Amino acid sequence: MKRNALALCLFAMGIATHGSLTAPLSAQDISWKIEQLTLDSNEGCAIGDMNGDGKADVVAGRNWYPAPDFKPRPLRLIEDWNGYVQSNGDFLMDVNQDGRMDVIAGSFIPTEVAWFENPGPEAMRLGQTWKRHLLVDTKATENEAQLMADLDGDGMNEWVVNSWNKSNPMIVWRFIKSDPAPESKAAYRLEQVVISKASNQHGMGTGDINNDGRTDILIGSGWYEQPATDPWGQTWAYHPDWNIQGSIPMLVRDIDQDGKNDVLIGAGHDYGLFFWKQLAPKADGSLQFEERIIDKAFSQPHALALADLDGDGVDELISGKRYFAHNGGDPGGKDMPEINFYKLVNGEFKKSIIEQGHVGVGLQIATGDLNGDQRMDIAVAGKSGTYLLFNMPAISKR
């Protein structure tokens, strides 16, 4: 596969670094170097040290890309389906506890969740694909996307699945430590917990939405409240407090520092990126929010991320257009892709364009220091291609 590098160094009006720098960067201190790794319809990506050399590598669908050259190496074979690659996210975990990061992935329609075993240095050098192992057959289809999040605070992530079908139950899969499987030596199995049969809907997030100290689950039609005790032994109360075909993730954070957690959310298949400011509860105890528009200039902000891009210790919001999310059938679906970040300044989100016309988002936005310069970089994969966005010093204008 030929590596296609767009040597675009583009001004991003106020972006920058991870918090390791000695001082925050200003708009004059930064530009973006955009590098295309491949062009296919894969929409998942992750950042992690896959080969144990201490550098951040990129995983994206069929390939992994080792630092520092990020040239594609084979990882797995994935079928195409109806304009999509039959995978809806890449997640990293040392499944067999051999000290090497493996890849866990599910699919839109197929029901199996598989893990792909890191083959080690020699097989990586030879460009071998990674062995596929079945983690669980969920028996569930119509899967929009997944998240890995520690819901119960025990230090182990859960596998949280979102379905676009409202009638499907809300399901969480727990990673349970187990005796190693004979073939793959997997040290974990997935155990199903039905949170509730009440509702599902496009859109998902996790966080303490009601400020009781416990992590809840958000979906497009409302939220599930984690019980005070025994969260895996009972159903969770469902609160239909909103209705939107939401982004994945929906982000829970106290944005305005008033002691109540707010929500950052995109309309996954329409125009609209929003800040939901949490207000005092209604008389009946249900949550209520004041919706504030962050951006309506592009459609399909399907994926969101938070990262400290300018080194001031405060995270910025990153999002952009998911290109051809429904094969162009959504409002604005055939518009050109773009990716942006938003900084909260005096209570308002200020937009900075990272790139327009080439780089969009897919189902995941990954952030990390990809080149060891202590600046927070971005990796995205979507139907406009897989890209690295390097956070660089500004080009001197003479």
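Residues numbered from 1 in each chain as written. Predicted model: local features only at pLDDT ≥ 70, side-chain atom pairs only at ≥ 80, totals over all residues. Heavy atoms only, no water.

## A short note on the pairing of strand E11 (residues 112-117)
Most of E11 sits inside the fold, with five of its six residues counted as buried. Alignment of strand E10 (residues 102-105) against E11, held across three bridges, turns out to be antiparallel. Within E11, the residue paired with Ala-105 across the bridge is Ala-114. Hairpin connection from E10 to E11: six residues lie between these consecutive antiparallel strands. Here E11 pairs with strand E12 (residues 131-137) via six bridges, running antiparallel. Following the sheet pairing, Phe-116 is matched in E12 by Arg-132. (Buried < 20%, exposed > 50% of the residue type's maximum accessible area, 1.4 Å probe, protein only. Helix = DSSP H or I, 4+ residues; strand = E, 2+ residues; numbered from the N terminus. Pairing = 2+ DSSP bridges.)

## A few points about the pattern of salt bridges
Charged atoms that come close allow side chains of opposite charge to pair. By the definition in use, this model includes 25 salt bridges. For the salt bridge of Lys-343 with Asp-310, the shortest nitrogen-to-oxygen distance reads 2.6 Å. Here Lys-343, found in strand E27 (residues 338-345), pairs with Asp-310, found in the loop between strand E25 (304-307) and strand E26 (316-320); they are 33 residues apart in sequence, far enough to count as distant. A relative accessible area of 4% means that Asp-310 is categorised as buried. (Salt bridge = Lys/Arg side-chain N within 4 Å of Asp/Glu carboxyl O.)

## Section: the side chain of Glu-144
Checked against the element boundaries, Glu-144 lands in strand E13 (residues 143-149). When its relative accessible area of 6% is taken as the criterion, Glu-144 is described as buried. Looking at Glu-144, its side chain comes within polar contact range of the side chain of His-302, at 2.9 Å. In this structure, Glu-144 is in contact with Asn-88, Phe-108, Asn-162, Ser-163, Trp-164, His-202, Ile-248, His-269, His-302, Arg-322 and Leu-363, ignoring residues within four places of it in sequence. (Polar contact = N/O pair within 3.5 Å; in protein donor to acceptor, adjacent residues only side chain to side chain. Contact = heavy atoms within 4.5 Å.)

## Here we look at the pairing of strand E18 (residues 216-219)
Burial along E18 is two-sided: the face carrying Asp-216 and Leu-218 and the face carrying Ile-217 and Ile-219 are both buried. Sheet topology places strand E17 (residues 204-207) next to E18; four bridges connect them, and they run antiparallel. Looking across to E18, one finds that Gly-205 is bridged to Leu-218. Two elements, E18 and strand E19 (residues 222-225), share three bridges in a ladder whose sense is antiparallel. Note that in E19 the partner of Ile-219 across the bridge is Gly-222.

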